[in-house]
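Read off the chains here:
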Amino acid sequence: MNAKFACSLALALLLGVSAQAKDWPKIKIATEGAFPPYNMQNADGKLAGFEIDLAADLCKRMKAECEVVAQDWDGILPGLNAGKYDAIMAALSITPKRMEVIAFSVPYVSSPTVLATTKGGGMENLPGTGTRINLDDDAAARAAIEPLRAKLKGKAIGVQVSTIQADFMNSYFKGVADVRVYKTAEEFNLDLEAGRIDAILAAAANVKAAMDTPQGKDIVFTGPAFGGGPIGIGSGVGLRKSDPELKGMFDTAIKAATADGTLARLSNQWFKLDLTPPS
Amino acid sequence: MIDPAFLTDTIGQLLGGLPLTLSLSAISILAGGVLALALALLRRSSGIGSLFVRAYVFVFRGSPLLVQIFLIYYGLSQFPALRHSVLWPFLRQPYWCAVLALALNTAAYASEIIRGGLIAVPSGMIEAGRALGLSPFRLFRLIVLPLAVRQALPAYGNEIVIMVKSTALASIITLMEITGIAHQIIGDTFRSFEVFLCAGAIYLALNSLIARGVWLIERRLSPIV
Amino acid sequence: MMGLPSLALTGFGPTGWGAQLLWAAGMTVAVSVTAFAIGLAIGGLGAWAKLSGGRVAGWLATAYTTVLRGVPDLLVIYLFYFGGSQVLTSIGRWMGHDGFVGLNGFTAGALAVAVVSGAYQTEVIRGAVGAVSRGQGEAGRTLGLSRWRVLRHVLAPQILRAALPGMGNVWQLVVKESALISVTGLVELLRQVSVAAGSTREPFLFYVTGAALYLVITSMSGALFQAAERHSRRGWTAAR
């Protein structure tokens, strides 16, 4: 018997499921702890990263005591609704699909999705390199993707399983590119460096992190950066739909952190890029 | 609770991975079988050859197949020398890495099975063949090998079934065979039980066909009782 | 190509992964022992069902061993990892607990490997029970021993002796299967090796080290099983 299950079951029976606190002196936040530089675990097992620092700042603004816990990516959404924690800060992109299940704060980071390749692999400077495409704008999206489809024909492109990037590849390049689905980002980085795949499709912030390692010095961005549509408008704090007060608190705190430059400072510190969402 | 439309749709999608499962199995079993025969014969020699085969069998039977797959797939591609060699067009592809790992792995198990079959050939048969004046090669081909194969067949049949099951691991290095597709459907729908039911049924059907085939060959090779 | 700095990576120095690898190897042994123990219980139950448990139980046991020996183990692990939560969640709902209940990687993985190994264990135990002749039990009863004492002193030691070689094989299988649990994110040996390989960009070194650690585990435990076999055979060959 799973001890956690027994405990939560007992709690649910004791307290009744609908009992809810209306003010939030304590907030439990889940993160993945395996997605640098957003969130990761140090060699000594402590959580660190952009979201850990941001959580501390937001909690100070909300005058709440916060505890950040690590949770596997696979069960992170269901765990929120089960009440294992109150919020998720884990590079969780705001998408229409996820908004059916949970609520989101306003975005606190907006990392576009990009293609990246290695120097000398023949895939540099794909059409649209350096531009930014909003997928909500159908005409612009089509104009950007058509020439890319020709260039990616038969090329092996790596994505991570169950990500918005995997959805994006399947909706725009299915049957054109050879889409390879990996369990972790580390695995496709290894294969990109080895030249086994021609390019990867990932969040710019993660690619940037890979570029800053000695082994990743030959990785370059190529083609346009994508946002909107299935990619979403950025990442926000994931919250239960039944906690509108908490959403209000996070929204206010994030807006304040954006206004006074804290968000830009943390973003530059962790990503070496300003990924503050356009407001 | 069980939704027939979902099951038929899932079976349809999973069957799309069947050709890949079959070709991975067939090629690695054939290549592994040839290698296993060579290893079994080398094992009978004395000295360094036999020692090599023993070390080979120890290493491949004592460590998980998944580690062997990762070692070949991610480990070998680390070396620029290999990436610039003639082998790279093969090793670049996940398919051939999976075939290589599966074949090397099954060769270790199969060589022991073949060795058992060879040991079981009665020495009287070999002497009789020699008395007939057969050359060593013809003696091996006409007498030793058929007898050893018959002896080894039941165990080899099991090994073939295990290999078909093992091709599922190829999904971990991005190959979309039956289990890879199953994992993707589970990820999208979270209906693990139904997907398991469908994928399991395909594997069971495949493996019972193989078991039946091995049994038929076994019966053909057996002397009339 | 692998100079000294690479070798320091697998050591215990400040840049070394040695401690994590050893910890993870311990996790592999722990999850294997758990799976083996549960598998042994399942195997005992399965053997009983096949040998003397009525028609329905016998049929169920046959179905179980056929399915588990014909379906990839990875698929069984996915079933337990994702399906385990599904089942627990619906039990939870039924009991009025709204929401998701997860099964952690250790439990899901150990259960999956146990269920797979239980199918092999069933056959091993069934074969071993068959190898001990019926007369042995009857002889014990005629000597006036109770049923329990016949089982404890006459049958069990003989069954165990006949089953030990097969159980040793199943144990080796369990250790190797436990590597598949890495796909659930449980930090056992293979998962730790993969993480180290990815973050140091030295996959060859780490996968070779991982394979070597598995070889140490399988060969050391193999030697233990052989010692147990020798112990169980004591006085046996001499009494011919």
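Residues numbered from 1 in each chain as written. Chains lettered and ligands numbered in written order. Predicted model: local features only at pLDDT ≥ 70, side-chain atom pairs only at ≥ 80, totals over all residues. Heavy atoms only, no water.

*Asks:* Could you clarify how one ought to interpret the overall build of chain C in this entry?
*Replies:* Of the regular secondary structure elements, chain C holds nine helices and zero strands. Starting at the N terminus and ending at the C terminus, chain C contains elements arranged as α-α-α-α-α-α-α-α-α. Structurally, chain C occupies a C-alpha span of about 70 × 55 × 30 Å along its principal axes. Taking as baseline every contact in chain C between residues at least 6 positions apart, the subset at least 24 positions apart corresponds to 73%. Total accessible area on chain C is roughly 11,500 Å²; 67% of this is exposed by carbon and sulfur atoms. (Helix = DSSP H or I, 4+ residues; strand = E, 2+ residues; numbered from the N terminus. Contact = heavy atoms within 4.5 Å. Areas by Shrake-Rupley, 256 points an atom, 1.4 Å probe, with all protein chains shown as cover.)

*Asks:* Can you walk me through the overall build of chain A in this structure?
*Replies:* The secondary structure content of chain A amounts to 10 helices and 14 strands. Compactness check: chain A gives a C-alpha radius of gyration of 20 Å against a globular reference of 19 Å for 279 residues, within 12% of the reference. Its C-alpha atoms put chain A at 60 × 45 × 40 Å along the principal axes. Taking all 279 residues of chain A together, 51% fall into the buried category. Sequence separation of at least 24 residues holds for 70% of the intrachain contacts in chain A that already meet a minimum separation of 6. Accessible area of chain A: about 12,400 Å², with a carbon and sulfur share of 56%. Taken together, the 30 basic and 31 acidic charged side chains of chain A have centroids lying 1 Å from each other. (Rg over C-alpha atoms; globule rule 2.2 N^0.38 Å. Buried < 20%, exposed > 50% of the residue type's maximum accessible area, 1.4 Å probe, protein only. Lys, Arg positive; Asp, Glu negative; His and termini not counted. Charge placed at Lys NZ, Arg CZ, Asp CG, Glu CD.)

*Asks:* Would you take a moment to explain the interface of chain B and chain A for this structure?
*Replies:* Size of an interface, as often reported, equals the accessible area lost when the parts are brought together. Across the boundary between the two partners, chain B contributes 14 residues, which contact 14 residues of chain A. Carbon and sulfur atoms supply 48% of the area that chain B and chain A bury against each other, a total of about 1,300 Å² over both sides. When the buried surface of chain B facing chain A is broken down by residue, Tyr74, Arg92 and Thr174 of chain B rank first, second and third, together holding 42% of it. Linking chain B to chain A there are one salt bridge. Measuring nitrogen to oxygen at the nearest pair gives 3.4 Å for the salt bridge that ties Arg92 of chain B to Asp198 of chain A. If you look at where chain B meets chain A, you find seven residue pairs in polar contact (both at pLDDT 80 or more). At the level of elements, α4 (65-75), α6 (88-91), α7 (94-119) and α10 (178-189) of chain B are the ones that each hand at least two residues to the side of chain B that touches chain A. (Buried area = accessible area lost by both parts, 1.4 Å probe. Salt bridge = Lys/Arg side-chain N within 4 Å of Asp/Glu carboxyl O. Polar contact = N/O pair within 3.5 Å; in protein donor to acceptor, adjacent residues only side chain to side chain.)

*Asks:* Would you mind going over the interface of chain B and chain C with me for this structure?
*Replies:* In this complex, chain B contributes 38 residues to the contact, which on the side of chain C involves 37 residues. When the area that chain B buries against chain C is broken down by residue, the three leading residues are Gln78, Lys165 and Phe196 of chain B, summing to 18%. On inspection of chain B and its partner chain C, the count reaches one salt bridge. For Asp73 of chain C, the salt bridge identified is with Lys165 of chain B, shortest N-O distance 3.9 Å. Summed over the shared surface of chain B and chain C, the number is nine residue pairs in polar contact (both at pLDDT 80 or more).

*Asks:* How should the sheet that holds strand β9 (residues 132-134) of chain A be read in this particular structure?
*Replies:* For sheets, the rule is that strands pair by backbone hydrogen bonds, running either parallel or antiparallel. All names here are of chain A. Strand order in the open sheet made by the six strands is β9-β13-β8-β12-β10-β11, with mixed pairing throughout. Both edges of this open sheet fall to β9 and β11 (178-182), since each of them pairs with a single strand only. Taken pair by pair, the neighbouring strands of this sheet meet at an average axis angle of 30°, ignoring direction. Taken together, the five bridges between strand β8 (residues 113-118) and strand β13 (residues 219-227) define a ladder with antiparallel strand orientation. (Pairing = 2+ DSSP bridges. Axes fitted to C-alpha atoms, helices over the stretch in contact; angles between N-to-C directions.)

*Asks:* How do you make sense of the state of the cysteines when you look at a structure like this?
*Replies:* Here, disulfide denotes a covalent bond that connects the sulfur atoms of two cysteines. All names here are of chain A. Inspection of every chain in the model, using the stated rule, returns one disulfide over all chains. Paired through a disulfide, Cys59 and Cys66 show a sulfur-sulfur distance of 1.9 Å. Judged by the torsion about the S-S bond (-95°), the Cys59/Cys66 disulfide is left-handed. (Disulfide = S-S within 2.5 Å.)

*Asks:* Where do I start with the pairing of strand β1 (residues 26-31) of chain A in this structure?
*Replies:* Along a regular strand, successive side chains alternate from one face of the sheet to the other. Residue and element names in this part refer to chain A. Relative to strand β5 (residues 65-70), β1 is paired through six bridges, and the arrangement is parallel. Considered in β5, the bridge of Ala30 is made with Val69. Sheet analysis places β1 next to strand β6 (residues 87-88), joined by two bridges and oriented parallel. Paired with Ala30 across the bridge in β6 is Ile88.

*Asks:* Mind showing me how you'd approach the pairing of β11 of chain A here?
*Replies:* Residue and element names in this part refer to chain A. In terms of strand pairing, strand β10 (residues 156-160) meets β11 through five bridges, oriented parallel. Looking at β11, one finds that Gly158 is bridged to Arg180. Handedness of the crossover is the feature at issue here: the chain leaves β10, passes through helix α6 (residues 164-172), returns alongside β11, and the resulting connection is right-handed. (Right-handed = clockwise from strand over helix to strand, strands pointing away.)

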